[in-house]
Amino acid sequence: MARRYDSRTTIFSPEGRLYQIEYAMEAISHAGIVIGVLSKDGVVLAAEKKVTGKLLDMSGATGGSYGGSGEKIFLLNSNVISGVAGITADANSLVNYARQAAQRHLYSYNEDIPVELLAQRLCDLKQGYTQYGGLRPFGVSLLYAGYDPHYEFQLYHSDPSGNYSGWKATCIGANNGTATSLLKQDYKEDISVEDAIELVLKVMSKTMDSTTLGSEKLEFATLTLDASKKPKAKIYNPAEIDALLQKHGLGKKEEEEAAAPA
């Protein structure tokens, strides 16, 4: 039955479903997991990298580039970071659109764009791609971690249909059901950013496909306030991720590293 109604985005099935959007969400469920946790003094994002390899040039990521490594976690504005799951090329297009929207708002009003408004801007674009013929929905979901003076720290999730919602802790991508169950068990309302980092790493260690956590498979970022109460986004470079994992007892053991083939 589905085959008769899935050739175009704009055709409803008799049950009232838009199959192309459901297929886009299916693509996201196979992508590397992204987890976001909101705390009282910051937001934590962690993501699983799927594109790995010994011959991959990671010099941009090792230098700690401010915009992220270009695969899973991106800086959208000085007060918003984003984690993406799905087709990375689609994500790049949306990230560029979001950055332009944030800069237009800054130019017009001389203040950083509110987090929810930025999510709305992207969702308006994504919804348009479900309503006009000849267009394909974006095969990507985003988590937005941000701060604004009115509502302070916030975490939003948007999907290919153009829906968005606010969360205290959530995840997108592969194994998100398991991760959600773990977050429900361990999340507390007044959690600190340090505890949130520990919770995110614990959930990642139990849901990622690889047996050991390492910087080659993990991206990590936090959004906190600096001494002058301005939002400070930090996207960790590989050395910082490895140090963080060692601190929480989740990094590679020295014996494993020694046994690894040169």
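A few points on the structure. Residues take numbers from 1 onward in each chain, read along the sequence in its written order. A pLDDT threshold of at least 70 governs which residues receive local features in this predicted model, and a stricter bar of 80 or more applies before side-chain atom pairs are shown or counted, although totals over entire chains, interfaces and linings include all residues. Values shown for side chains rest on all heavy atoms present in the structure; no hydrogens or waters enter the calculation.

### Some words on the overall build of the protein
Summing up its helical and strand segments, the protein has 8 helices and 10 strands in all. Note on exposure labels: buried denotes an accessible area under 20% of the residue type's maximum, exposed denotes more than 50%, and partly exposed covers the range between, all computed with a 1.4 Å probe on protein chains only. The proportion of buried residues among the 262 residues of the protein is 47%. Residue pairs at least 24 apart in sequence account for 63% of intrachain contacts in the protein once pairs closer than 6 positions are excluded. As displayed, the protein has an accessible area near 13300 Å², and 51% of this comes from carbon and sulfur atoms. Runs of E in the DSSP output that reach at least two residues are strands. Runs of H or I that reach at least four are helices, and both are numbered from the N terminus. Only heavy atoms enter the contact rule, under which two residues are in contact if any of them lie within 4.5 Å. For every accessible area listed, the method is Shrake-Rupley and the probe measures 1.4 Å; residues are considered covered only by the protein chains on display.

### A few points about the sheet that holds strand 4 (residues 80-86)
Any two strands are treated as partners once DSSP identifies two or more bridges connecting them. Spatial strand order, 3-4-5-6-7: 5 strands in an open sheet with antiparallel pairing. In this open sheet, the two edge strands, each paired with only one partner strand, are strand 3 (73-77) and strand 7 (164-166). Looking at each pair of strands side by side, their axes are set apart by 25° on average, direction ignored. Taken together, the 7 bridges between strand 5 (residues 140-148) and strand 6 (residues 152-158) define a ladder with antiparallel strand orientation. Bridging across to strand 6, Tyr147 finds its partner in Phe153. Interaxial angle, 0 to 180 degrees, is taken between N-to-C directions of lines fitted to C-alpha atoms, where a helix line uses only the stretch in contact. Along the sheet face, helix 3 (residues 88-109) touches strand 3, strand 4 and strand 5 and points at about 20° away from the line of strand 3.

### Considerations on the pattern of salt bridges
It is possible for side chains of opposite charge to pair when their charged atoms get near one another. When a carboxyl oxygen of Asp or Glu is within 4 Å of a side-chain nitrogen of Lys or Arg, the pair counts as a salt bridge. One pass over the structure, following the stated rule, counts 6 salt bridges. Arg136 serves as the salt-bridge partner of Asp90, at 2.9 Å between the closest nitrogen and oxygen. With Asp90 in helix 3 and Arg136 in the loop between helix 4 (115-128) and strand 5, this pair connects stretches of sequence that are 46 residues apart. A relative accessible area of 9% means that Asp90 is categorised as buried.

### Side note on the sheet that holds strand 10 (residues 231-235)
Spatially, 5 strands are ordered 8-1-2-9-10 in an open sheet, and the strand pairing comes out antiparallel. What marks the edges here is a single partner per strand, and that holds for strand 8 (169-172) and strand 10. Looking at each pair of strands side by side, their axes are set apart by 10° on average, direction ignored. Alignment of strand 9 (residues 218-225) against strand 10, held across 5 bridges, turns out to be antiparallel. The residue bridging Thr222 from the neighbouring strand is Lys234, located in strand 10. Contacting strand 9 and strand 10, helix 7 (residues 238-247) runs over the sheet at an angle of about 85° to strand 9.

### Comments concerning helix 1 (residues 19-28)
Among all positions of helix 1, only Tyr19, Ile21, Ala24 and Ile28 are buried. Structurally, helix 1 contributes buried residues whose contacts are with strand 4 and strand 5.

### As for unusual backbone geometry
The backbone of Asn175 shows a phi angle near 60°, a positive value even though the residue is not glycine. Secondary-structure assignment places Asn175 in the loop between strand 8 and helix 5 (176-186). In this structure Asn175 comes out as partly exposed when scored by relative accessible area, which is 35%. One non-glycine residue, Lys229, lies in positive phi territory at about 65°. Taking the relative accessible area as the measure of exposure, Lys229 reaches 61% and is therefore exposed.

### Description of the packing of helix 3 against helix 4
Packing of helix 3 against helix 4 leaves a shortest axis separation of 10 Å and a crossing angle of 130°. The pairing of helix 3 with helix 4 is recorded here as oblique in orientation. In the crossing of helix 3 with helix 4, the sense of the turn from one axis to the other is right-handed. Residues Leu94, Tyr97, Ala98, Ala101, Ala102 and His105 of helix 3 form the contact with helix 4, whose participating residues are Leu117, Leu118, Arg121, Leu122, Leu125 and Lys126. Classifying every residue of the contact of helix 3 with helix 4 gives 9 nonpolar, 1 polar and 2 charged. Relative orientations are named as follows: roughly parallel for angles under 35 degrees, roughly antiparallel for angles over 145 degrees, roughly perpendicular for angles from 65 to 115 degrees, and oblique for any other angle. The hand of a helix crossing depends on one turn: near helix anticlockwise from the far one by less than a right angle means left-handed, and clockwise means right-handed. The classification used treats Ala, Val, Leu, Ile, Met, Phe, Trp, Tyr, Cys and Pro as nonpolar, Asp, Glu, Lys and Arg as charged, and all other residues, Gly among them, as polar.

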